Amino acid sequence: MSTPIGNAGDITLRALDALRRVSAVACEDTRVTMKLFALHGIATKLIAYHDHNAEHMRPKLLEKLKSGEALALVSDAGTPLISDPGYKLVRACLDAGIAVTGMPGPAALIDALVLAGMPTDRFFFAGFLPAKKAGRRAAIAELKAVPGSLVFYESPRRLADCLADLAAGLGDRPAAVARELTKRFEELRRDLLPALAAHYAKADTPKGEVAIVVGPPDKKAAATAEETADLDALLTGAMARLSLRDAVANVTAATGLKRRDVYQRALTLGRGK
Ligand code: SAM
């Protein structure tokens, strides 16, 4: 079940109704959920369920469910399980034959995506990138060819470094930094990745919560890069066996490309040796 991303008014009537009806609500931080309950006049019992006590609490919650109690799970913000606890609990319920249903509501990744102005037909949510530079760069390289928009969560402290690595790894793609969605100081900054990286390199560390959306790779550029890689592989093989002239003739015949282009590429590869 979802709780608001930032604004307590974002919760659905259906979710509020369920929170009143269940026998207990498992939540990350009881103080956060208590504020939501106070706003909506809900008095249901709260049970803390978070990263630090999940192993211990999960069997207890399952016992309650098996005895016929109905429970709800909420997170401090947005949808449980989305970069938040809950996956193992849902898995354990399903394995035990306990029915699970969702109460969809806000999730920052969806709000960021719809406000970013990037294609929404296909997207990949990559959660938080690794905090260390080498791991982050490797993760970004893995995502480079994903044929859709990319959505990330990031801490404001790491935003500038993360954008610098995204610009280095993904190049000139359009992107958006979505800050404090649904809250009073909601801000969307849209630009090409290198410009966003330059902006946040100079700006003060932003306040609040941040999500990043990056547009899909340029299909033409990706196709060209792939063709070049194929051509390089053919030429390298041919040049290892034949003279430059014969290698170019063979590859020109095999690919149907212009001889002049194949020759130029062969010279470039030859110079790289
Ligand atoms: N379960 C949440 C959801 O459904 O979006 C995400 C929880 S995750 C621990 C918290 C991260 O989500 C933040 O660090 C930020 O990257 C992103 N986030 C949460 N609320 C946000 C908001 N109002 N605006 C922008 N990003 C937000």
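Residues numbered from 1 in each chain as written. Predicted model: local features only at pLDDT ≥ 70, side-chain atom pairs only at ≥ 80, totals over all residues. Heavy atoms only, no water.

1. So, the sheet that holds strand S5 (residues 149–154)
- Taken in spatial order, the five strands of this open sheet run S4-S5-S8-S6-S7, and their pairing is mixed. Each of the sheet's edge strands pairs with one partner strand only, and the pair in question is strand S4 (123–128) and strand S7 (187–192). Between one strand and the next, the sheet's axes are offset by a mean angle of 15°, whatever the strand orientation.
- Inspection of the sheet shows S5 paired to strand S8 (residues 210–214) by five bridges, in the antiparallel sense. By the bridge assignment for S8, Glu154 is matched with Val210.
- With respect to the sheet, helix H8 (residues 193–202) is in contact with strand S6 (174–179), S7 and S8, its orientation differing from that of S7 by roughly 125°. (Pairing = 2+ DSSP bridges. Helix = DSSP H or I, 4+ residues; strand = E, 2+ residues; numbered from the N terminus. Axes fitted to C-alpha atoms, helices over the stretch in contact; angles between N-to-C directions. Contact = heavy atoms within 4.5 Å.)

2. What to know about unusual backbone geometry
- The phi torsion at Glu180 lies on the positive side, around 55°, for a residue other than glycine.
- Inspection of the secondary structure assignment puts Glu180 in the loop between S6 and S7.
- For Glu180, a relative accessible area of 13% corresponds to the buried category.
- Despite not being glycine, Thr182 has its phi angle at roughly 70°, a positive value.
- Residue position: Thr182 is located in the loop between S6 and S7.
- Its relative accessible area of 21% is what places Thr182 among the partly exposed residues. (Buried < 20%, exposed > 50% of the residue type's maximum accessible area, 1.4 Å probe, protein only.)

3. Remarks on the nonpolar core
- Leu129, Phe152, Leu163, Leu166, Leu193, Ile212 and Val214 are the most contacted members of the largest nonpolar core, which has 22 residues in total.
- When residues of this core are traced back to their parent elements, those giving at least two are helix H6 (133–143), S5, helix H7 (159–170), S6, H8 and S8.
- With six residues, H7 is the single largest residue contributor to this core.
- Apart from the residues lying within four places of it in its own chain, the contact partners of Ile212 are Leu150, Val151, Phe152, Glu154, Leu159, Cys162, Leu163, Leu166 and Ala176.
- Ala15, Ala18, Ile42 and Met103 belong to the second largest nonpolar core, which has 15 residues in total. (Core = buried A, V, L, I, M, F, W, Y, C linked by side-chain atoms within 4.5 Å.)

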